[in-house]
Amino acid sequence: MKEIKILGIETSCDETSAAVVINGRQVISNVVSTQIEIHKKYGGVVPEIASRKHVELIIPVIKEALEEAKLSLEEIDAFSVTCGPGLVGALLVGVSAAKALSYVYNKPLIPVNHIEGHISANYIEYKELEPPFICLVASGGHSHIINVMDYNSLDIIGQTRDDAAGEAYDKIARTLGLGYPGGPIVDTYAKSGNMNAIHFPRSKFNDNKYDFSFSGVKTSVINYINRCKQKGDELNTNDICASFQKAVVDVLVDNVICACKDYNISKVALAGGVAANSFLREQLKEKAQDNRIEFYYPRLNLCTDNAAMIASAGYYGYLKKRFANTELNAIPNLKIGQKII
Ligand code: KG4
Ligand code: ZN
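These numbers come from a predicted model, not from an experiment.

Student: Lay out the side chain of glutamate 15 in plain terms, naming residues and giving numbers.
Tutor: Positionally, glutamate 15 belongs in strand E2 (residues 15-22). At 11 Å, lysine 40 is the nearest oppositely charged side chain to glutamate 15, a buried residue that forms no salt bridge. Side chain to side chain, glutamate 15 and threonine 34 meet in a polar contact 2.8 Å long. Setting aside residues up to four positions removed in sequence, glutamate 15 forms contacts with Glu10, Val32, Ser33, Thr34, Ile36, His54 and Asp305.

Laid out in structure tokens, this is it:
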């Protein structure tokens, strides 16, 4: 089989990343330059600053990815890039770079949906993994349960009706004054807390039992914190983090296991930044085992934003000849399964 070497580019939020992946599974290089330190002092990503940083970093990051791969641009077979969803100014930097490379080197350009990229991180981690499987994608902007029927065929069976899981983590951390991004910090505090100390609500919907809502639990935690402050009670940060985390993870795990059973699919995968959460990984592993479901989860640096996952997803677009031309644009609100070209 001919080796297809794809250079992937990711700039949808606050990570500038480029990677070279062979046949969608073998990572030769994966350079990620994070802007977290810059955005930390604002308590979240400032879109205008993110775009400017991407402009500064994109060429050095691509060069480093090629150097690490010991390849020249002439040796790359195709370029894949995140074209949405994400911050429009940030996305445009990656899209422009990929379009220029594809035009100059006369190689195919493959647009990739960022969420489909997150799912593909599992193909890198597990060389034998093939669809169909159910994937729980939870990140700063998304919380979805997806039936991955085939590499290029995804069906959303559940999603959040308001906040994403990662967004709730970030908001709770900010309210507690713990810093940004909140997910890893809350995860750490929760390890020393009692997850049964405070009961926070879990949302369920009758019209779609796989859907989520995290704004209720978020508001409930914020109200609890404010009440404690008003009464002059000392805040137990560890217990609050552990109890909040339990409320979020309980629903994520319950809904995804329920989907596997109802759809009669015995493989479940995790994806997205929140997939790095230690309690979510532990709980889903346990519940999957109880239900004889095979559990797949990418290593930590493949859960958060990176270009290797974009190159992997790009490979499956390459096989289907889903190529774009220089008219490709950033699509900030791109939906899963939405036609790009
Ligand atoms: O996928 P990602 O890197 O960017 C988006 O596409 O949104 O996800 C970032 C999100 C942030 O909300 C961050 O707080 C959350 O993932 N996150 C975590 C953990 N690590 C990152 N949430 C919970 N626990 C973690 N360990
Ligand atoms: Zn992401």
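Structure shown, so let's carry the discussion forward.
Student: Give me the lowdown on the site of ligand 1, citing residues and values where you can.
Tutor: Around ligand 1 sit 19 residues in total, of which His118, Gly140, Asp170, Gly183 and Asn277 are the nearest. Here an oxygen atom of ligand 1 and a backbone polar atom of glycine 140 are 2.9 Å apart. Within the backbone of glycine 166, a nitrogen or oxygen atom sits 3.2 Å from an oxygen atom of ligand 1. Residue assignment for the shell around ligand 1 shows that the elements contributing at least two residues are helix H4 (114-125), helix H5 (165-175) and helix H6 (182-191). A total of four residues in the shell around ligand 1 trace back to one element, the largest contributor, which is H6. Classifying every residue of the shell around ligand 1 by side-chain character gives five nonpolar, 11 polar and three charged.

Student: Can you tell me about the coordination of the zinc ion (ligand 2), naming the residues and giving the values?
Tutor: Note on metal sites: the ideal angle is 109.5 degrees for four tetrahedral donors, and 90 or 180 degrees for six octahedral donors. Binding of the zinc ion (ligand 2) to the protein goes through His114 (NE2), His118 (NE2) and Asp305 (OD), at separations of 2.0 to 2.1 Å. Sequence spacing of the donor residues for the zinc ion (ligand 2), all on one chain, is H-x3-H-x186-D. Linking histidine 114 in helix H4 with aspartate 305 in the loop between helix H10 (300-303) and helix H11 (308-319), this pair joins segments that are 191 residues apart in sequence. Residues histidine 114 and aspartate 305 agree in their burial class; the two are buried.

Student: I'd love a proper account of the state of the cysteines, names of residues and values included.
Tutor: A covalent bond bridging the sulfur atoms of two cysteines is what the word disulfide describes. Taken as a whole and judged by the stated rule, the model has zero disulfides. In this structure cysteine 83 is a free cysteine whose sulfur lies 16 Å from that of cysteine 13, the closest cysteine sulfur available. Take cysteine 228: it sits in no disulfide, and the sulfur closest to it among the cysteines is that of cysteine 241, at 13 Å.

Student: Describe the sheet that holds strand E4 (residues 78-84), with residues and values.
Tutor: A sheet is described by the order of its strands in space; here five strands give the open sequence E3-E2-E1-E4-E5, paired in mixed fashion. Two strands in the sheet have a free side with no partner beyond their single neighbour: strand E3 (26-34) and strand E5 (109-113). Within this sheet the neighbouring strands show an average axis-to-axis angle of 20°, counted without direction. Two elements, strand E1 (residues 5-10) and E2, share six bridges in a ladder whose sense is antiparallel. Along E2, the bridge assignment pairs leucine 7 with valine 20. Those strands touched by H11 are E1, E2, E3, E4 and E5, and its axis lies near 125° from that of E1.

What counts and how
Residues numbered from 1 in each chain as written. Chains lettered and ligands numbered in written order. Predicted model: local features only at pLDDT ≥ 70, side-chain atom pairs only at ≥ 80, totals over all residues. Heavy atoms only, no water. Helix = DSSP H or I, 4+ residues; strand = E, 2+ residues; numbered from the N terminus. Buried < 20%, exposed > 50% of the residue type's maximum accessible area, 1.4 Å probe, protein only. Lys, Arg positive; Asp, Glu negative; His and termini not counted. Salt bridge = Lys/Arg side-chain N within 4 Å of Asp/Glu carboxyl O. Polar contact = N/O pair within 3.5 Å; in protein donor to acceptor, adjacent residues only side chain to side chain. Contact = heavy atoms within 4.5 Å. Near = heavy atom within 4 Å. Nonpolar A, V, L, I, M, F, W, Y, C, P; charged D, E, K, R; others polar. Donors = N, O, S within 2.8 Å, 3.2 Å for Na, K, Ca; no water. Disulfide = S-S within 2.5 Å. Pairing = 2+ DSSP bridges. Axes fitted to C-alpha atoms, helices over the stretch in contact; angles between N-to-C directions.

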